[in-house]
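One letter stands for each residue in the lines below.
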Amino acid sequence: MKESSNILRGPDYLFVFPEEMTVGQLIHNQLETHGTKIAQIQKETGEELTYKDILTRSQKLAVYLRNHGIKLNDRIAICSENNLGWAVSICATIFVGATVCPLNPMYSQREFLHTINISKPKLIFVSPLVLKSVKNYVKELSWTPTIILMLEEPNVDVPSIGKLISNIPTKNIENFQVTNVKVTEHVVSILCSSGTTGMPKGVMLTDKNYLSTIQTMLDGSVGIAMQDQTIICLLPFFHAYCFSVLIFSIIAGSTAIVFSTFKEEAFLETIEKYKTQVLSLVPPLMVFLAKHPIVDNYDLSSVKIIWCGAAPLSREIEDAVKKRLNNPEIRQGYGMTETTLTVVKIPENCDKPGSAGRLMPGVLGKVIPVDYSGKWSDKTLGPYQEGELCFKGDLIMKGYCGDKTSTSATIDEEGWLHTGDVGYYDDDGFFYIVDRLKELIKYKGFQVPPAELEAILLTHPEIKDAAVVGLPDEVAGELPIAFVVKQPNAKVTADGVLKYVNERVSNQKKLRGGVRFLQDIPKNPSGKILRRELRQLLKSKL
């Protein structure tokens with residue numbers, strides 16, 4: 001429903017949690033409710049965890065943490081690939097009122113030190129895979145965090161969760177109580193922003209943020225994680241998207257198949273074996289489903305809904321996946337780490353090609369004129385007028401950890417989060433994303449969206465992946481240049497790519513910067529193109 005002054009409002013929540021409910025208490029309640037049901041299965045080993053297993057282990061770990069000085073608002077990091085230790089580590093941390101700080105296990109030392117200095121955790125849960133690196137990295141810190149292994153590993157001098165909780169008697173958790181917190185103030189997680197335009201920032205998300213998101217999930221309209229559903233946890237838990245999906249699956253009572261690493265055959269086998277109905281994917285995996293020949297060897301007809309997020313998905317790839325997978329419903333949403341999850345989503349049975357959807361419950365949205373001077377306009381734009389997307393509501397982050405300057409540069413005094421994304425909405429309140437404000441290519445005063453050119457490139461049968469950035473030019477400002485990954489055995493040439501694209505676009509969007517072939521397009525773990533790395537590559541060769 002549209003408000004005055006071109007401000008749009010999402011629908012009301014179908015239900016609201018009681019005021020005293022916290023994320024910790026909700027998780028605890030649901031773990032008790034789901035009991036002996038299988039909660040998680042490790043794909044690589046077949047190991048299973050029931051909800052009762054997670055509850056008992058996380059309660060005992062919480063007792064250990066309290067006994068060793070972890071208190072309300074302390075911070076605990078998790079640095080690991082996906083495994084069955086994540087759920088226990090997250091639940092125990094939240095139960096004691098501490099804050100979960102997930103870290104990418106593939107970080108270099110420079111990246112690790114940057115992100116860990118944002119949250120400054122007292123303790124780090126790690127997997128055996130990253131133990132050696134983390135032990136070396138923490139020597140450079142000004143404090144000494146405790147390191148605990150999430151999984152068992154012989155012949156190491158670091159204690160594991162299993163060993164530590166084995167010393168906690170069961171009687172010590174018989175009257176276990178979750179630490180009470182103030183939902184609008186307590187920070188559940190500090191997640192790293194995507195880092196597509198610079199070094200990551202620490203996004204603080206509160207109980208209120210998560211509870212508001214969960215209220216929109218449990219009415220069944222989203223279908224990402226529902227009771228008696230088997231879901232595939234393929235994307236990394238340290239990323240905001242799958243971190244949220246992990247929490248939602250625990251609350252909903254789903255069975256999660258946890259992948260430590262992506263293997264094409266294992267992914268397809270899992271869908272076929274468990275007759276998975278709902279997938280949560282990112283665009284690179286959609287391209288895989290659309291184009292890889294191995295997909296035809298598996299029965300994927302069980303898939304009814306595919307949620308695709310974290311980056312734009314082209315209509316061409318969407319259509320190709322539908323054609324190949326027995327016409328599943330493909331739903332996109334739009335959100336950022338800073339908005340907890342999605343603020344805009346596609347409703348069921350919606351026919352709005354290219355749209356990211358309508359506002360989620362409890363969310364306000366508006367579009368304002370783009371001002372490259374860095375000032376925010378007071379004007380709001382009407383339907384079909386492109387500008388910067390802004391959102392407000394209970395899903396918006398508390399702020400960036402230890403960075404008031406960046407927080408005030410993102411959230412204005414009225415509470416509107418300025419996304420840095422260019423888009424518009426139509427007469428029905430459906431939003432459309434054009435591109436990142438900072439990623440638009442400026443050619444002779446024209447604004448060229450890279451995502452549009454990338455979508456065209458991906459329709460070429462001999463192109464596996466592609467990215468477009470601006471090549472600096474004294475006369476034009478920037479020239480669109482394409483980086484292309486060929487399909488195996490493809491014979492397409494740079495001239496062939498240029499001809500293919502330039503025949504399909506208006507004059508200002510032609511690839512005047514040329515085409516360069518790469519082995520891989522640099523992306524972050526959620527599939528967003530790291531354009532800054534491509535620009536750096538251009539600088540090194542200029």
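The shown structure was predicted, so the numbers you read here are calculated from the model rather than taken from an experiment.

Basis of the calculations
- Sequence order as written defines the numbering, with residues in each chain counted from 1.
- Where totals are concerned, whole chains, interfaces and linings use all residues; where local detail is concerned, this predicted model gives features only for residues with pLDDT of at least 70, and gives and counts side-chain atom pairs only at 80 or more.
- Side-chain numbers here rest on the full set of heavy atoms in the structure, without hydrogens or water.
- Under the scheme used here, helices are H or I runs from DSSP no shorter than 4 residues and strands are E runs no shorter than 2 residues, and both carry numbers assigned from the N terminus.
- Within these notes, the globule rule equals 2.2 Å times the number of residues to the 0.38 power, and the radius of gyration is based on C-alpha atoms.
- In this scheme, a residue with accessible area under 20% of its type's maximum is buried, one over 50% is exposed, and one in between is partly exposed, where area comes from a 1.4 Å probe on protein chains only.
- Each Phe, Tyr or Trp ring, with Trp reduced to its six-membered ring, pairs with another whose centre is within 6.5 Å; inter-plane angles below 30 degrees give stacked pairs, above 60 give edge-to-face pairs, and intermediate values give tilted ones.
- By definition here, charges over rings are those cases where NZ of Lys or CZ of Arg is within 6 Å of the ring centre and within 35 degrees of the ring normal.
- When DSSP finds two or more bridges between a pair of strands, those strands are recorded as paired.
- UniProt positions are given in the numbering used here, feature names are shortened, and annotations may be inferred rather than shown by experiment.
- Grouping buried Ala, Val, Leu, Ile, Met, Phe, Trp, Tyr and Cys residues that are joined through side-chain atoms within 4.5 Å yields what is termed a nonpolar core.

Draft legend 1. Summary view of the overall build of the protein. Along the backbone of the protein there are 15 helices and 26 strands. Computed over C-alpha atoms, the radius of gyration of the protein comes to 23 Å, within 12% of the 24 Å expected from 2.2 N^0.38 for 542 residues, which places it in the range of a compact globule. The dimensions of the protein, computed from C-alpha atoms along their principal axes, are 75 × 55 × 50 Å. Residues counted as buried form 58% of the 542 residues belonging to the protein.

Draft legend 2. Examining the packing of aromatic side chains more closely. Overall, the coordinates contain 13 aromatic pairs when judged by the stated rule. With a centroid separation of 5.5 Å and an interplanar angle of 85°, the aromatic rings of phenylalanine 15 and phenylalanine 17 are classed as edge-to-face. Judged by relative accessible area, which is 31%, phenylalanine 15 ranks as partly exposed. Seen from their ring centres, tryptophan 86 and phenylalanine 237 are 5.7 Å apart, and the 65° between their planes marks the pair as edge-to-face. Of this pair, tryptophan 86 sits in helix α3 (residues 85–95) while phenylalanine 237 sits in the loop between β10 (230–233) and α8 (240–252), and the two are 151 residues apart along the sequence. For the pair tryptophan 86 and phenylalanine 237, one class covers both residues: buried. In this structure an aromatic cluster arises from ring pairing among Tyr334, Phe391, Tyr425 and Phe431. Taking NZ or CZ as reference, lysine 201 lies 5.2 Å from the ring centre of tyrosine 400, over its face. In this arrangement the basic side chain of arginine 504 is found over the ring face of tyrosine 500, its NZ or CZ atom lying 3.7 Å from the centre.

Draft legend 3. The sheet that holds strand β16 (residues 358–359), seen in detail. Strand order in the open sheet made by the five strands is β12-β13-β14-β15-β16, with mixed pairing throughout. What marks the edges here is a single partner per strand, and that holds for β12 (278–281) and β16. Relative to strand β13 (residues 305–308), β12 is paired through four bridges, and the arrangement is parallel. Paired with leucine 279 across the bridge in β13 is isoleucine 306.

Draft legend 4. Inspection of the UniProt feature "transmembrane region" (unreviewed entry) in the protein at higher detail. Those residues carrying the UniProt feature "transmembrane region" (unreviewed entry) are residues 238–259 in this numbering. With 59% helix and 18% strand, residues 238–259 has end C-alpha atoms that lie 13 Å from one another.

Draft legend 5. Seen up close, the pairing of strand β9 (residues 202–206). A large share of β9 lies buried, amounting to five of its five residues. Side chains Gly202, Met204 and Thr206 project from β9 onto one buried face, and the interleaved Val203 and Leu205 project onto a second face that is buried too. Two elements, strand β8 (residues 187–192) and β9, share five bridges in a ladder whose sense is antiparallel. Bridge assignment links serine 189 to a residue of β9, and that residue is leucine 205. When β9 meets strand β19 (residues 399–400), the two strands line up antiparallel, connected through two bridges. Note that in β19 the partner of valine 203 across the bridge is tyrosine 400.

Draft legend 6. Structural view of helix α4 (residues 109–119). Among the residues making up α4, those that are buried are Phe112, Leu113, Thr115, Ile116, Ile118 and Ser119. Immediately downstream of α4, the backbone of lysine 120 shows phi near 50°, a positive value.

Draft legend 7. Broad picture of the nonpolar core. Residues Ile27, Leu65, Phe125, Leu289 and Phe391 are the most contacted members of the largest nonpolar core, which totals 124 residues. Tallying contributions element by element places α8 first for this core, with ten residues. Ranked by size, the runner-up nonpolar core spans 30 residues in total, among them Ala466, Val469, Leu479 and Ile521.

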